[in-house]
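The chain contents come next:
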Amino acid sequence: MPNVSQDEILAPLNEQQRIAVTQLDGPLLILAGPGSGKTRVITHRIANMIAHGISSYSVVALTFTNKAADEMRTRLKRLAPDNHAWTGTFHKFCSKLLRRHAELVGLAQNFTIYDMSDSKKVMKQAIENADVDLKHYSPDKLSSQISNVKNNGVTAEYFQPRPGHALDAIVGKVYPEYQKLLKMANGVDFDDLLLHAVDLLRQSPELRETLDRSFTHMMVDEYQDTNLSQYQLIRLLNHSVQNLAVTGDPDQSIYGWRGANINNILEFEKDYPNVGIVRLEQNYRSTQSILRVADQLIANNVRRKKKELRTDNEAGQPVRLVTFPSPQDEAIDIADSIALAIQTGERRARDFAVLYRANWLSRALEHALRSVGVPYQIVNGHEFYQRKEIKDVIGYLHLLNNPRDNVAFERVINTPPRKIGKVTLGRLRRYAQDKNLSMLDAARHCQQIDAISNAPTAKILQFVAMFDRMAYLPTDAVEPVIRVVLEETGYRDWLTDDGSEEGFERANNVDELVVACQEFDQERPEDGGLEAYLEQAALVSDTDVWESEADHVTLMTLHAAKGLEFPSIYIVGLEDGILPHERSSGDDDEIEEERRLLFVGITRAKRDLQISRCMNRFRRGSYWPSIASRFLMELPRDQMQVFEPIAQQYDDSTFADSIDPMDPWMHDGLPSYDVNDDLISEREDQVKESPAKATNRPTFPRLVTAAQFAAEQEALLSDIRLHPESYKIGMDVEHPDYGIGRILTLTGEGQKRTATIEFAKLGKKRFRLAFCNLRAV
DNA sequence: ATTCGCAAAGTTTTT
DNA sequence: CTTTGCGAAT
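Residues numbered from 1 in each chain as written. Chains lettered and ligands numbered in written order. Predicted model: local features only at pLDDT ≥ 70, side-chain atom pairs only at ≥ 80, totals over all residues. Heavy atoms only, no water.

Enquirer: Is there a simple way to explain the protein's contact with DNA strand B in this structure?
Expert: Around DNA strand B sit 25 residues in total, of which Arg357, Asn359, Ser541, Arg583 and Arg620 are the nearest. Of everything in DNA strand B that lies within 4 Å of the protein, sugar and phosphate atoms constitute 55%. Within the side chain of His581, an N or O atom sits 3.2 Å from a sugar or linking oxygen of DNA strand B. Taken together, the residues of the surface near DNA strand B sort by class into seven nonpolar, 10 polar and eight charged. (Near = heavy atom within 4 Å. Polar contact = N/O pair within 3.5 Å; in protein donor to acceptor, adjacent residues only side chain to side chain. Nonpolar A, V, L, I, M, F, W, Y, C, P; charged D, E, K, R; others polar.)

Enquirer: Which parts of the structure should I look at to understand the packing of helix α18 (residues 388-401) against helix α26 (residues 530-539)?
Expert: A pair of packed helices is characterised by two quantities: the angle between their axes and the separation of those axes. Orientation of α18 relative to α26, taken along the N-to-C sense of each, is 130°, at an axis distance of 10 Å. Considered as vectors, α18 and α26 are oriented oblique to each other. For the pair α18 and α26, the sense of crossing is left-handed. Along its contact with α18, which presents Ile394, Leu397, His398, Leu400 and Asn401, the element α26 presents Leu530, Glu531 and Leu534. (Axes fitted to C-alpha atoms, helices over the stretch in contact; angles between N-to-C directions. Helix = DSSP H or I, 4+ residues; strand = E, 2+ residues; numbered from the N terminus. Parallel < 35°, antiparallel > 145°, perpendicular 65-115°, else oblique. Left-handed = near helix turned anticlockwise from the far one by under 90°. Contact = heavy atoms within 4.5 Å.)

Enquirer: Help me out: how do you make sense of the nonpolar core in this one?
Expert: Soluble globular proteins tend to pack their nonpolar side chains together in the buried interior. By size, the foremost hydrophobic cluster in this structure holds 49 residues, and its most contacted members are Tyr385, Phe409, Leu428, Ile460, Phe463, Leu513 and Tyr533. It is α18 that provides the largest number of residues to this core, a total of seven residues. The contact partners of Tyr533, leaving out residues within four places of it in the chain, are Tyr385, Val478, Leu513, Ala516, Cys517 and Phe520. By size, the runner-up hydrophobic cluster in this structure holds 42 residues, among which are Leu29, Phe90, Val188 and Phe215. (Core = buried A, V, L, I, M, F, W, Y, C linked by side-chain atoms within 4.5 Å. Buried < 20%, exposed > 50% of the residue type's maximum accessible area, 1.4 Å probe, protein only.)

Enquirer: Help me understand the packing of aromatic side chains, please; the structure alone is not making it clear to me.
Expert: Pairs of aromatic rings are described using the distance from one ring centre to the other and the angle between the two planes. Under the definition given, this model contains 14 aromatic pairs. Measuring from ring centre to ring centre gives 6.4 Å for Phe159 and Tyr175, while their planes differ by 70°; the resulting arrangement is edge-to-face. Taken together, the residues Phe159 in the loop between α7 (139-151) and α8 (166-184) and Tyr175 in helix α8 connect sequence positions 16 residues apart. A relative accessible area of 14% places Phe159 in the buried class. Using a relative accessible area of 1% as the deciding quantity, one classes Tyr175 as buried. With a centroid separation of 5.7 Å and an interplanar angle of 50°, the aromatic rings of Tyr255 and Trp257 are classed as tilted. Cluster of aromatic residues (ring-pair linked, three or more members): Trp86, Phe93 and Phe215. Arg235 extends its terminal NZ or CZ atom over the ring of Tyr272, reaching a point 4.6 Å from the ring centre. If you follow Arg258 out to its NZ or CZ, it ends over the ring of Tyr255, 4.2 Å from the centre. (Phe/Tyr/Trp six-rings, centres within 6.5 Å; stacked < 30°, edge-to-face > 60°. Lys NZ or Arg CZ within 6 Å of the ring centre and 35° of its normal.)

Enquirer: Quick question: what am I supposed to make of helix α6 (residues 116-130) here?
Expert: Counting along an α-helix, one turn takes 3.6 residues, and residues three or four places apart therefore face a common direction. With 15 residues, α6 extends 20 Å between its outermost C-alpha atoms, agreeing within 8% with the 21 Å of an ideal straight helix rising 1.5 Å per residue. The complete set of buried residues in α6 reads Asp118, Ser119, Val122, Met123, Gln125, Ala126, Ile127 and Ala130. Of the residues flanking the start of α6, the one acting as N-cap is Asp115, its side-chain oxygen 3.1 Å from the backbone nitrogen of Ser117. At the C-terminal side of α6, Asp131 shows a positive phi close to 55°. (Expected span 1.5 Å × (residues − 1).)

Enquirer: Can you walk me through the environment of Lys391 in this structure?
Expert: Its place among the elements puts Lys391 in helix α18. Considering only alpha carbons, one finds Lys391 and Arg411, 20 residues apart in sequence, at a separation of 8.6 Å. Lys391 has contacts with Asp115, Ser117, Asp118, Tyr385, Gln386 and Arg411, leaving out every residue within four places of it along the chain. Looking at Lys391, its side chain comes within polar contact range of the side chain of Ser117, at 2.7 Å.

Enquirer: Explain the sheet that holds strand β6 (residues 217-220) to me, please; I cannot follow it from the model alone.
Expert: Within a sheet, each strand pairs with its neighbour through backbone hydrogen bonds, oriented either parallel or antiparallel. With parallel pairing, six strands are arranged side by side in an open sheet as β3-β2-β6-β7-β1-β8. Both outer strands of the open sheet, β3 (86-89) and β8 (276-280), are each paired with one neighbouring strand and no more. Mean inter-strand twist for the sheet, computed between neighbouring axes without regard to direction, equals 15°. As defined by bridge partners, strand β1 (residues 28-32) adjoins β8 across five bridges and the pair is classed as parallel. Looking across to β8, one finds that Leu29 is bridged to Ile277. Contacting β1, β2 (59-63), β6, β7 (243-248) and β8, helix α3 (residues 38-51) crosses the sheet at an angle of about 175° to β6. (Pairing = 2+ DSSP bridges.)

Enquirer: Just checking my understanding: could you explain the environment of Phe759 for this structure?
Expert: Structurally, Phe759 can be placed in strand β23 (residues 754-759). Classification of Phe759 by relative accessible area gives buried; the value is 1%. In sequence terms Phe759 and Phe643 are 116 residues apart; their C-alpha atoms lie 50 Å from each other.

The structure is reproduced here in structure tokens:
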């Protein structure tokens, strides 16, 4: 199939977009407001390059998440079906580069990528080895400090402690030790991927030159979120050939805390003097009401490039600003509204997203959505991979792929328990470091270690023998490897040994991991294999696991929501200490970043937006009164629909003996709401008709109670579905669309209970049992 | 060596 | 309310 013509590339673009797509050579800065068709511009720009005879092999587009890269790739495929442009994340790009030239920075090609909990273990070891006294600083603090240093492109060799700076002095001792341990284990942390890649290009000018010239056209997405290492990487690869286009929006810079430097985009013009600048200001996503709120809010930031947000979209419903008594009310009201909209057919579950500042805020929402029977998905991808049983099994895989991986060795040597304890391990570690051996190699020589007595020696040698039996396995497919690991180590059996509920749950998770490996093998028969699997497992981001096609409400952090859009958005917890977060409410720069975060959240909404806060919040064991976020005062209230309780009037009865004044349910007289008159809506009518309950629990206006809705759902569904708990592994079931299949795995509980089912014709599918119409056969 | 229990600490955001 | 860590008992 031929690629599309120039006309087809340019036709769907507005004037500004067209300029961005047609200027292919030289540096280009694309300032893209939210919803301005940025991805379209990037894909059409690449298509246009190809149409102009530029080889797609020399085109590189860098993003921050795999999701964004996949989206780009898919859309580009439609415009230029046989293109070979490289699209992917910074970290993946660097990883690829490093694997090819690992030895130049003192690594071997099969290096391990450590996640944060793994690298923290290395850090603890480094602190111990460096023999520093950490009275004033926690290991966490030190980790983040070293991460900062790395993000600024400073290697351990180049680090110079500022005189008189206590933390710097400690960093100066620990950082080199930490790097030494990583190198010994043939491992890197996330920051190293970037730092080593930059180092590599600096060490080898010839390689730099070659790559610079072979990637003739580069594009960088979300440029406002690049840190100094990424900046340096980009500069190194765009020196001799400067066809570099970056897109970004300073107003959406929300990763300053992990080293992103907003100056990279603000000063792009200085770095590349002959830069072309395009502003994409036309918004195709949101209603005027939503955009006006976003615009007013962000106007409070001082450090920004003024930018217009305009749209030809309809005015739309006013944005709602609601105050709830407690998080439960907030969650239940949101769940009910969503349930109602689904029930009436007005919306589907997938149209909704609930956004919050911190992950723990999702709990009340989960609970409420479950009680109302609305399917939802919580987007935090690390959760699964952080489970102990998963980390254990993957630990074995890491050790097989990289026998020098000391973190993996220490994790698995005694799981399941093999009577090799802390003391033995300490002696082994000492020997390994003295002789400059990996832990595994030290284990091979453990007979020569006087300090280790006969019994543990035998156990260690048994372990080594077992490892050697597995090490023979071909690693071009993952599933066979993981199956042998589970078999040889007895890990899965060990989990279920005690017959506890928890054990089976864990075994199920392990089964799910096996299925994931299986799927990986199927998806990537050519370039897959163990190493590739471990790499992608290490580099998945939270949004990457988000199933955008499935029909469920999305729950995620404001950070994770960047780049996405939904017809209807709820942003919760607009309270002082939460947004802006208490740990960041220091200087103006940090407050501005928090404000940008809210800006990002607001601009995810296409048609409906509700922003809410609570008057009390359950924190650290009890309820505390919550203060409204300062950002709420910055919104154009006169143009919004405000639901706020009238100022509390305490009468004596409120504080009667049996009543806890801290209890959020107990505030008196709350059902009266102060609503501005000119914005009367259907919703408000219903609010007014809603009868207050005769309990002392204030009834917040609710359209359908959770119990009512749940009961109706239950009645509707009970006759056609089995109870989620009644499914068993191995059971044959019939699906209305897919036909007959057999249940392979079961995980989760209640509404979350999920089955992997193998269908004769279509292969494996995964279902939330509560939401599919299965029949037992 | 492993397990259990209690106490303290602490809740950003993520590749 | 949760999770994590440490220390004592078996």
